[in-house]
Amino acid sequence: MRTSEQMQKMKTQPGFIAALDQSGGSTPHALALYGIKDHAWKDDDEMFDLVHQMRSRVITSPSFTGERILGAILFEDTMDRDIEGQPTADYLWDVKRIVPFLKVDKGLQPEERGVQLMKPMPELAALLDKGKTKHIFGTKMRSVIQRASPAGIMNVVHQQFEVAGRILDTGLVPIIEPEVDIHCPEKAKAEALLKEAILEKLNGLPAGQQVMLKLTLPEQSDFYADFVRHPKVVRVLALSGGYTQEEADARLRKNHGVVASFSRALLEGLSVHQTDAEFNAMLDASIQRIYEASIT
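We now turn to the structure provided with this report.

What counts, and where the lines are drawn
- Residues numbered from 1 in each chain as written.
- Predicted model: local features only at pLDDT ≥ 70, side-chain atom pairs only at ≥ 80, totals over all residues.
- Heavy atoms only, no water.
- Helix = DSSP H or I, 4+ residues; strand = E, 2+ residues; numbered from the N terminus.
- Rg over C-alpha atoms; globule rule 2.2 N^0.38 Å.
- Buried < 20%, exposed > 50% of the residue type's maximum accessible area, 1.4 Å probe, protein only.
- Contact = heavy atoms within 4.5 Å.
- Areas by Shrake-Rupley, 256 points an atom, 1.4 Å probe, with all protein chains shown as cover.
- Pairing = 2+ DSSP bridges.
- Right-handed = clockwise from strand over helix to strand, strands pointing away.
- Axes fitted to C-alpha atoms, helices over the stretch in contact; angles between N-to-C directions.
- Parallel < 35°, antiparallel > 145°, perpendicular 65-115°, else oblique.
- Left-handed = near helix turned anticlockwise from the far one by under 90°.
- Nonpolar A, V, L, I, M, F, W, Y, C, P; charged D, E, K, R; others polar.
- Salt bridge = Lys/Arg side-chain N within 4 Å of Asp/Glu carboxyl O.
- Phe/Tyr/Trp six-rings, centres within 6.5 Å; stacked < 30°, edge-to-face > 60°.
- Polar contact = N/O pair within 3.5 Å; in protein donor to acceptor, adjacent residues only side chain to side chain.

**Some points on the overall build of the chain**
Thought 1: Regarding its fold elements, the chain presents 12 helices and 11 strands.
Thought 2: A compact globule built from 296 residues would reach a C-alpha radius of gyration of about 19 Å, and the chain, at 18 Å, matches this within 12%.
Thought 3: Every one of the 296 residues in the chain was classed for burial, and the buried ones make up 55%.
Thought 4: Pairs at least 24 apart in sequence give 73% of the contacts found in the chain among residues at least 6 apart.
Thought 5: Of the roughly 12,500 Å² that the chain leaves accessible, carbon and sulfur atoms contribute 50%.

See the structure below:
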């Protein structure tokens, strides 16, 4: 019942997905943007305690509800912790009606052929099993494309769909995220190569299987309309990719049927030094702007 309700929400309800999945390498930067400098903790345990406090403040905010937010992507450490006495994924769904997703990749390999593939994931099966016991609905995994390299882009898409197949076999719904770097010198060409490669893989998915796509906001408006309409795609998400919230929202409004899955752009302007009233007002305004851009 829970899974079918969550799938129905993901397919039909207006809104967007909050990306709260900064992991080990990006956590210090996320904390710095929040106003906590890297001398504020003495080890990784303290660092993750601080970032969980930040994420808990976001998730428990009165503005952070399932009315405008469809889902939230979590880092494994966040999934393993509690919010207000409940496991994070249960709190998200049972209290907020927000669908929980889990970031499953272990970071990126060095650039080769203009792309960065995902690092090997030898513990993926165990992580997926744990995610299921924690009531996770779906997963997310990220690769990065720096250049319009046909061979590199094919490698990225092949790896993403190969891992997605393993995730689908467990009953979870994968978010495939082959990010095109916003500074890619031939960004539009890279996007055209990526679109062609993804369409071929989507058309080859077995009956009954569906995925989600998380893509960089494209140079051409409505460029991913074929994905929005595709029967194998639950939802098409847009990443902010380093764009400011204002720029990301403006680009998103030109891509109908695509909804936001912003990380840095969602948390823009939030600070540990704000009062709860200031924090909640800032977050509420950001959520509303992103929501409106997602339903245009």
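**Focus on the pairing of strand 8 (residues 173–180)**
Thought 1: Burial analysis of strand 8 places eight of its eight residues in the buried class, which makes it a mostly covered element.
Thought 2: Along strand 8, one buried face is formed by Val173, Ile175, Glu177 and Glu179 and the opposite face, lined by Pro174, Ile176, Pro178 and Val180, is buried too.
Thought 3: When strand 8 meets strand 9 (residues 211–216), the two strands line up parallel, connected through two bridges. Residue Ile176 lies in a different strand from strand 9, and its bridge partner there is Leu213.
Thought 4: Since strand 8 and strand 9 lie parallel, the crossover through helix 8 (residues 187–203) that links them has a hand, and here it is right-handed.

**Points about the environment of Arg2**
Thought 1: In this structure, Arg2 sits in helix 1 (residues 2–12).
Thought 2: Classification of Arg2 as partly exposed rests on a relative accessible area of 24%.
Thought 3: Separated by 230 residues in sequence, Arg2 and Lys232 place their C-alpha atoms 21 Å apart.
Thought 4: Here Arg2 is in contact with Asp90, Trp93, Asp94 and His135, once residues within four sequence places are set aside.

**Some points on the packing of helix 10 (residues 245–252) against helix 12 (residues 276–295)**
Thought 1: It is the contact of helix 10 with helix 12, at a shortest axis distance of 8 Å, that shows an interaxial angle of 20 degrees. With respect to helix 12, the element helix 10 is oriented roughly parallel. Like other packed secondary-structure pairs, helix 10 and helix 12 cross with a definite hand, here left-handed. Here Gln245, Asp249 and Leu252 of helix 10 lie close against helix 12, whose contacting residues are Ser286, Arg289, Ile290, Ala293 and Ser294.
Thought 2: Residue classes in the contact of helix 10 with helix 12 are distributed as three nonpolar, three polar and two charged.

**Brief notes about the pattern of salt bridges**
Thought 1: This model, assessed by the stated rule, comprises 23 salt bridges.
Thought 2: Here Arg81 and Asp49 are joined by a salt bridge, their closest N and O atoms 2.8 Å apart. Here the residue Arg81 occupies a position in the loop between helix 4 (76–79) and strand 3 (82–83), and Asp49 occupies one in helix 3 (residues 44–59), the gap between them amounting to 32 residues.
Thought 3: Taking the relative accessible area as the measure of exposure, Arg81 reaches 22% and is therefore partly exposed.
Thought 4: Note that Arg81 and Asp77 form a salt bridge whose closest N and O atoms lie 2.8 Å from each other.
Thought 5: Taken together, the shared-partner salt bridges connect Lys187, Glu191, Glu219, Glu247 and Arg251 into one network.

**What about the packing of aromatic side chains?**
Aromatic ring pairs are described here by two measures, namely the spacing of the ring centres and the angle between the planes.
Thought 1: A full pass over the atoms with the stated rule returns five aromatic pairs.
Thought 2: Ring plane angle 80 degrees and centroid distance 6.5 Å describe the contact between Tyr34 and Phe279, whose orientation is recorded as edge-to-face. Of this pair, Tyr34 sits in the loop between helix 2 (27–33) and helix 3 while Phe279 sits in helix 12; the two residues are 245 residues apart in sequence, bridging distant segments of the chain. We note that Tyr34, like Phe279, is buried.

**Remarks on the environment of Lys9**
Thought 1: Along the polypeptide, Lys9 turns up in helix 1.
Thought 2: Note: C-alpha distance between Lys9 and Tyr291 (282 residues apart in sequence) is 15 Å.
Thought 3: Once you skip the residues sitting within four places of it in the chain, Lys9 turns out to touch Gly66, Ile69, Leu70, Trp93, Arg97, Val99 and Arg235.
Thought 4: A distance of 3.1 Å separates the side chain of Lys9 from the backbone oxygen of Arg97, its partner in a polar contact.

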